[in-house]
Amino acid sequence: MKAVVVEQYAPIDQIGLKEIAAPEPGPGQIRVRVQAASIGFVDGLKVEGRYQTRDPLPFTPGAEFAGVVDAVADGVTGIAPGMRVMGAARSGALAEQIVVPAAAAEIMPDGLSMEAGAAFRTNYLTALYALGERGRLRTGEQLLVLGAAGGTGIAAIQIGKLLGARVIAAASTEEKRNFAASFGADAVVDYTKSDWRDALKEASGGHGPDVIFDPVGGEVSVQAFRSIAWNGRHLVVGFAAGSIPALPFNLPLLKGGLLIGVDAAQIARREPDAQTRVMTQLSAWLNDGKLTPVVGKVFTFDDFRAAFKTMQTRAALGKMVVKIG
């Protein structure tokens, strides 16, 4: 089969497609003929060896996929060849076939495209786990979403609205702010302006955000926390800006605020019950038509490098998807 293969940690320009042996499923596993795979910020870090953990070389990047089951091994029930599934793995999605435990895949709702299926799991799991389980976002509260036009940011806007919040989207360009507004944001602010906290104060009616969803990091995170409402919750999701902020400890004291870490990669191992609750709710919203995963730009398999570059330059609107099948 054809797959993207990382033989040495390197910039994406130095990574290519190769012919490798197709994987065979073992007990409890399924093999999926991949039709679409998505690219996230973490995937770019892993290719260059800059993520907090390193995948052993050689490896195939890509953690999210959608496709059609073409083989099942002993011990698998509920999934059969020919079924459309979507799922996630540590790596391996940027290939024509992938083998995963049956529990790592779920049957796709009728009418959901392969591209949308590939863009679903990580972003929406992260958003609902962050807002529902960690942030305890309540109906009527004000939610500030930083990096609002990215894949996780758009997911947080949609989830925030479904949870009954008033959503303020912060993004760096007019195109991104318009994109965020088109998916339900009630107000938008430009956090590149020196006086953006004044705009945030006005957008929140002087109240400040009760919950901050923050996949950005850098100085904007500190400025956002300075505007948080009393008893507010600041959800640390990632550091797309490239720098980790240093928050003065007097700010949580003065604000009565909470700084809460969100690591979706650890939920299945550390909080399996929470993962079950989150995935059950997400599946219900999908099947009821209340939630549609947002797909950004779609790239061909041969053009996979462009998907990484678009994501890494932070020019992305939504989640980047590579069409494989």
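Source: prediction; values computed, not measured. (Residues numbered from 1 in each chain as written. Predicted model: local features only at pLDDT ≥ 70, side-chain atom pairs only at ≥ 80, totals over all residues. Heavy atoms only, no water.)

On to the sheet that holds strand β8 (residues 142-145), then. Spatial ordering of the open sheet is given by β10-β9-β8-β11-β12-β13, a layout of 6 strands whose pairing is parallel. Unpaired on one side and paired on the other, β10 (187-190) and β13 (258-261) mark the two borders of the sheet. Pairs of neighbouring strands in the sheet enclose a mean axial angle of 20°, with direction left out of account. Sheet topology note: the strand β11 (residues 211-214)/strand β12 (residues 233-236) ladder contains 4 bridges and is parallel. Its bridge partner being in β12, D214 is matched across the sheet by V236. Helix-sheet contacts for helix α4 (residues 151-162) involve β8, β9 (166-171) and β11, and the interaxial angle to β8 is about 170°. Contacting β9 and β10, helix α5 (residues 174-182) crosses the sheet at an angle of about 160° to β10. (Pairing = 2+ DSSP bridges. Helix = DSSP H or I, 4+ residues; strand = E, 2+ residues; numbered from the N terminus. Axes fitted to C-alpha atoms, helices over the stretch in contact; angles between N-to-C directions. Contact = heavy atoms within 4.5 Å.)

A few words now on the packing of aromatic side chains. Applying the stated criterion across every chain yields a total of 5 aromatic pairs. With centroids separated by 5.7 Å and ring planes inclined at 20°, the aromatic side chains of F120 and Y124 adopt a geometry described as stacked. A residue is classified by how much of its surface remains accessible, and Y124, at 1% relative accessible area, is buried. Ring geometry for F304 and F308: centres 6.5 Å apart, planes at 85°, overall edge-to-face. Here the residue F304 and the residue F308 both occupy positions in helix α11 (residues 304-312), the gap between them amounting to 4 residues, near one helical turn. (Phe/Tyr/Trp six-rings, centres within 6.5 Å; stacked < 30°, edge-to-face > 60°. Buried < 20%, exposed > 50% of the residue type's maximum accessible area, 1.4 Å probe, protein only.)

Bringing helix α7 (residues 219-226) into the picture now. Along α7, the positions that sit buried rather than exposed are V220, S221, V222, A224 and F225. Buried-residue contacts for α7 involve β8, α6 (196-203), β11, β12, α8 (250-255) and β13.

What follows concerns the environment of I212. Structurally, the position occupied by I212 is in strand β11. The exposure class of I212 is buried, given its relative accessible area of 0%. Residues I212 and I260, 48 residues apart in the sequence, show an inter-C-alpha distance of 9.9 Å. When sequence neighbours within four positions are dropped, the list of residues in contact with I212 reads L144, L146, A224, F225, I228, R233, H234 and L235.

Tracing the chain through its elements places K319 in strand β15 (residues 319-323). On the basis of relative accessible area, K319 is assigned to the buried category, the value being 6%. Engagement of the side chain of K319 in a polar contact is seen with the side chain of E64, the distance being 2.4 Å. Setting aside residues no more than four positions away along its own chain, K319 makes contact with S38, I39, G40, E64, A119, N123, G151, V294, V295, G296 and K297. (Polar contact = N/O pair within 3.5 Å; in protein donor to acceptor, adjacent residues only side chain to side chain.)

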